[in-house]
2 protein chains.
Amino acid sequence: MPCTPAARGVIAALAATALLACAHRPPLTVGPTSAEVLAASAAADWRPLDPENTLYLELTSGRVVLELAPAFAPNHVANIKTLVREGYFDGLAILRVQDNYVVQWGDPAEDARRQRPIRSAKASLPPEFERPLAGLPFTPLPDGDVYAPEVGHAGGFPAARDPASGQAWLAHCYGALGVSRGDTVDSGSGAGLYVVIGHAPRHLDRNITLAGRVVQGIDLLSALPRGHGPLGFYEKPSQHVRIKAMRVAADVPAPRRTELELLRTDTPTFAAWVASRRNRREAWFAQPTGHVALCNVPLPVRAGALRR
Amino acid sequence: MPCTPAARGVIAALAATALLACAHRPPLTVGPTSAEVLAASAAADWRPLDPENTLYLELTSGRVVLELAPAFAPNHVANIKTLVREGYFDGLAILRVQDNYVVQWGDPAEDARRQRPIRSAKASLPPEFERPLAGLPFTPLPDGDVYAPEVGHAGGFPAARDPASGQAWLAHCYGALGVSRGDTVDSGSGAGLYVVIGHAPRHLDRNITLAGRVVQGIDLLSALPRGHGPLGFYEKPSQHVRIKAMRVAADVPAPRRTELELLRTDTPTFAAWVASRRNRREAWFAQPTGHVALCNVPLPVRAGALRR
């Protein structure tokens with residue numbers, strides 16, 4: 001796919017030189033580098049994390065910051081927050097680290113009688129695999145996708161949509177936060193959660209509910225020792241990685257919050273950012289590729305204004 | 001891209017039910033699972049590693065087994081083997097672990113006067129970013145690609161090709177082995193090597209020479225602590241991960257070799273394997289996707305006949 005019809009449409013709307021991006025070896029090296037795009041960004045190009053939709057996964061090694069996606073999975077997001085506020089995860093563990101796939105955490109007790117009770121949260125929920133695309137702001141990417149008719153970004157999340165079905169869904173890119181489930185699609189609750197730590201397993205899209213993504217600290221998960229049991233589960237309880245606590249950021253006193261800002265995905269600056277990734281202008285690159293896949297667009301994060 | 005023209009062509013050649021794979025939600029759940037495909041494979045579906053084109057990266061934590069790709073980078077492969085046989089890497093170190101990107105190893109000495117001398121190997125080589133596609137057996141995948149006109153497998157390696165230019169090249173999938181270089185394209189030699197440990201950085205394709213891939217033990221690299229210096233380099237020498245040795249498997253006494261077999265990528269069994277990944281038939285999957293991206297096709301490895 002040197003240049004998809006969708007790409008031609010988008011690119012035709014840009015400056016004439018951009019048409020070269022459709023050639024076999026796109027020489028579109030004129031323009032700012034990724035670093036220059038960020039350096040030239042304005043305050044309004046960034047948005048703070050919403051503390052009410054931010055989770056902290058507190059490990060002995062540090063804090064993983066996760067942004068929830070209520071626009072895609074409102075019921076799962078609400079249930080996860082209820083579980084977190086009930087202290088459900090405190091003292092539970094990371095149970096599974098499957099190389100090039102996922103890290104998963106929850107209750108290590110296999111015997112149902114010994115499992116931590118779920119109090120006011122729901123024990124299972126109908127799936128939220130997709131939602132109507134109507135009403136969802138969406139910034140499309142121009143280069144096509146192997147799995148979906150359209151891909152792009154919605155409210156800072158990598159996502160896909162299908163005009164034919166009228167549906168949109170979150171994509172399983174690196175760092176995606178998902179809700180574990182059993183063989184039935186309505187068997188997940190949020191009491192088991194996972195994060196993608198490998199090449200995007202896009203075949204999971206619309207097969208399991210995604211509820212957010214990691215915005216800081218993923219290396220506290222991705223560098224964990226791999227499990228060597230089936231599916232990458234740790235074989236011994238001694239290998240489990242203890243969760244000190246999970247918290248909704250809004251419940252944490254302000255001085256102990258991790259204040260972060262994310263580059264908005266609905267701005268000209270983000271369009272320039274994507275352009276700088278489609279054709280890398282750094283001196284090292286011999287051949288700009290002229291394309292970028294959904295899960296290869298980094299989503300910039302910086303310290304919040306009070307911490308810079 | 002719900003169904004590319006290439007996909008339609010391939011699928012039209014299959015049974016009539018397979019045509020459904022082009023529908024929005026492909027219900028192609030009939031057929032063997034991935035596990036069933038492997039269970040039904042014949043001895044001839046597998047090939048042993050060639051000891052002369054297999055490297056062992058020996059770490060304190062264990063052995064990483066790498067298969068070299070002389071069909072794509074003959075000069076770099078030859079030079080890497082010369083370096084290995086000179087003992088160049090023995091006692092050197094892993095210097096860089098950048099999350100969701102690469103692990104890189106080589107000489108930690110920054111002062112050129114203290115660096116290990118390269119003896120009979122070449123200190124730099126012309127790039128081998130691509131090769132003529134003529135004469136290269138290639139098993140295409142049907143679902144398109146964001147970065148290349150055609151993708152598939154060549155001799156067991158994920159690869160791409162462009163009929164318009166007549167060129168083929170290796171793809172930067174998870175586990176790819178590459179040759180570090182500086183800003184000039186002919187500055188690499190193999191004295192610095194890297195392995196992809198994150199989402200496929202396909203923008204590196206044809207920008208840097210790939211020379212092989214990891215076939216076993218990648219978690220010894222992917223689970224290493226991340227470096228927090230620029231580009232993921234370790235900031236302190238004490239963080240460096242020591243390389244006990246690198247060896248060409250042919251130079252290791254047979255009893256100490258890691259005998260492995262790889263599923264051939266030019267067989268009907270591999271086609272069935274790909275089909276089982278395009279539409280997952282395991283009970284857990286609610287929606288088979290009907291597509292698979294190049295870097296999402298696992299390449300099966302099993303113990304060699306003498307070890308099974």
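Up top is the structure these notes are about.
Being a predicted model, the structure only gives us computed values, none of them experimental.

Undergrad: With reference to specific residues and values, describe the overall build of chain A.
TA: Tallying secondary structure elements over chain A gives five helices and 16 strands in all. When burial is assessed residue by residue, chain A has 58% of its 308 residues classed as buried. Of the accessible surface of chain A, which amounts to about 12,400 Å², a share of 57% is contributed by carbon and sulfur atoms.

Undergrad: Explain the sheet that holds strand β11 (residues 176-179) of chain B residue by residue, including any values.
TA: All names here are of chain B. One closed barrel holds the eight strands; their spatial order is β2-β3-β13-β11-β12-β5-β4-β14, and the pairing between them is antiparallel. Within this sheet the neighbouring strands show an average axis-to-axis angle of 35 degrees, counted without direction. Relative to strand β14 (residues 241-248), helix α3 (residues 74-85) is tilted by about 110 degrees, and along the sheet it contacts β2 (54-59), β3 (62-68), β11, β12 (193-196), β13 (210-216) and β14.

Undergrad: Could you give an account of the packing of aromatic side chains, naming the residues involved and the relevant values?
TA: Residue and element names in this part refer to chain A. If you walk through the whole model with that rule in mind, you get four aromatic pairs over all chains. Plain terms: the ring middles of W284 and F285 are 5.0 Å apart, the flat faces sit at 85 degrees to each other, and that makes the pair edge-to-face. The pair formed by W284 and F285 is uniform in burial state, with each residue classed as buried. Lying over the aromatic face of F157, R213 brings its terminal NZ or CZ to 5.8 Å of the ring centre.

Undergrad: Go over the relation of the copies chain B and chain A with me, naming the residues and quoting the values.
TA: Screw-axis analysis of chain B against chain A gives a translation of 0.0 Å along the axis, an RMSD of 0.0 Å, and a rotation angle of 180 degrees. A rotation of that kind, with that shift, is consistent with a two-fold axis. Of all interface residues in chain B, 100% are interface residues in chain A too; the two copies therefore contact each other through one and the same surface.

Undergrad: Which residues make up α3(B), and what are the values?
TA: Residues and elements named next belong to chain B. In this model, α3 (twelve residues) spans 16 Å end to end at C-alpha, consistent with the 16 Å of a helix rising 1.5 Å per residue. H76, V77, N79, I80, K81, L83 and V84 are the residues of α3 that are buried. Close packing links the buried residues of α3 with β2, β3, β11, β12, β13 and β14. Residue G87 follows α3 closely and has a positive phi angle near 75 degrees.

Undergrad: Please give an account of the pairing of strand β10 (residues 167-170) of chain B that cites residues and values.
TA: All names here are of chain B. Taking every second residue as pointing to the same face, both faces of β10 are buried, with Q167 and W169 on one and A168 and L170 on the other. The pairing of strand β6 (residues 131-132) with β10 spans two bridges and is antiparallel. In the sheet register, P132 faces β10, and the bridge partner there is Q167. Alignment of strand β9 (residues 157-162) against β10, held across four bridges, turns out to be antiparallel.

Undergrad: Can you tell me about the state of the cysteines, naming the residues and giving the values?
TA: By definition, a disulfide links the sulfur atoms of two cysteines through a covalent bond. Residues and elements named next belong to chain A. One pass over the full model with this rule turns up two disulfides over all chains. Here C173 is linked by a disulfide to C295, with a sulfur-sulfur distance of 2.0 Å. Between C173 and C295 the disulfide shows an S-S torsion of about -75 degrees. By sign, it is left-handed. With C173 in the loop between β10 (167-170) and β11 (176-179) and C295 in the loop between α5 (268-278) and β16 (301-303), the pair connects residues that are 122 residues apart, well separated along the chain. Taking the relative accessible area as the measure of exposure, C295 reaches 12% and is therefore buried.

Undergrad: With reference to specific residues and values, describe unusual backbone geometry.
TA: Glycine aside, residues mostly have negative phi, and peptide bonds are mostly found in the trans state. Of note, L231(A) is a non-glycine position whose phi angle comes to about 60 degrees, a positive value. Its location among the elements puts L231(A) in the loop between α4 (219-222) and β14 (241-248).

Undergrad: How would you explain the side chain of H199(A) if you had to name every residue and give the values?
TA: Within the secondary structure, H199(A) is located in the loop between β12 (193-196) and β13 (210-216). Excluding its chain neighbours within four sequence positions, the residues that come into contact with H199(A) are N100(A), H199(B), A200(B), C295(B) and N296(B).

Undergrad: Please set out the sheet that holds strand β16 (residues 301-303) of chain B residue by residue, giving values where relevant.
TA: Residues and elements named next belong to chain B. Within the open sheet, the three strands sit side by side as β1-β15-β16. Their pairing is antiparallel. The sheet terminates laterally at β1 (46-48) and β16, the two strands that pair on one side only. Geometrically, the sheet is characterised by an average inter-axis angle of 35 degrees between neighbouring strands, direction not taken into account. In the sheet, β1 pairs with strand β15 (residues 260-263) via three bridges, with the strands oriented antiparallel. Bridged to R47 within β15 is L262.

Reading guide: rules and limits
- Residues numbered from 1 in each chain as written.
- Chains lettered and ligands numbered in written order.
- Predicted model: local features only at pLDDT ≥ 70, side-chain atom pairs only at ≥ 80, totals over all residues.
- Heavy atoms only, no water.
- Helix = DSSP H or I, 4+ residues; strand = E, 2+ residues; numbered from the N terminus.
- Buried < 20%, exposed > 50% of the residue type's maximum accessible area, 1.4 Å probe, protein only.
- Areas by Shrake-Rupley, 256 points an atom, 1.4 Å probe, with all protein chains shown as cover.
- Pairing = 2+ DSSP bridges.
- Axes fitted to C-alpha atoms, helices over the stretch in contact; angles between N-to-C directions.
- Contact = heavy atoms within 4.5 Å.
- Phe/Tyr/Trp six-rings, centres within 6.5 Å; stacked < 30°, edge-to-face > 60°.
- Lys NZ or Arg CZ within 6 Å of the ring centre and 35° of its normal.
- Least-squares fit on C-alpha atoms with pLDDT ≥ 70 in both.
- Expected span 1.5 Å × (residues − 1).
- Disulfide = S-S within 2.5 Å.

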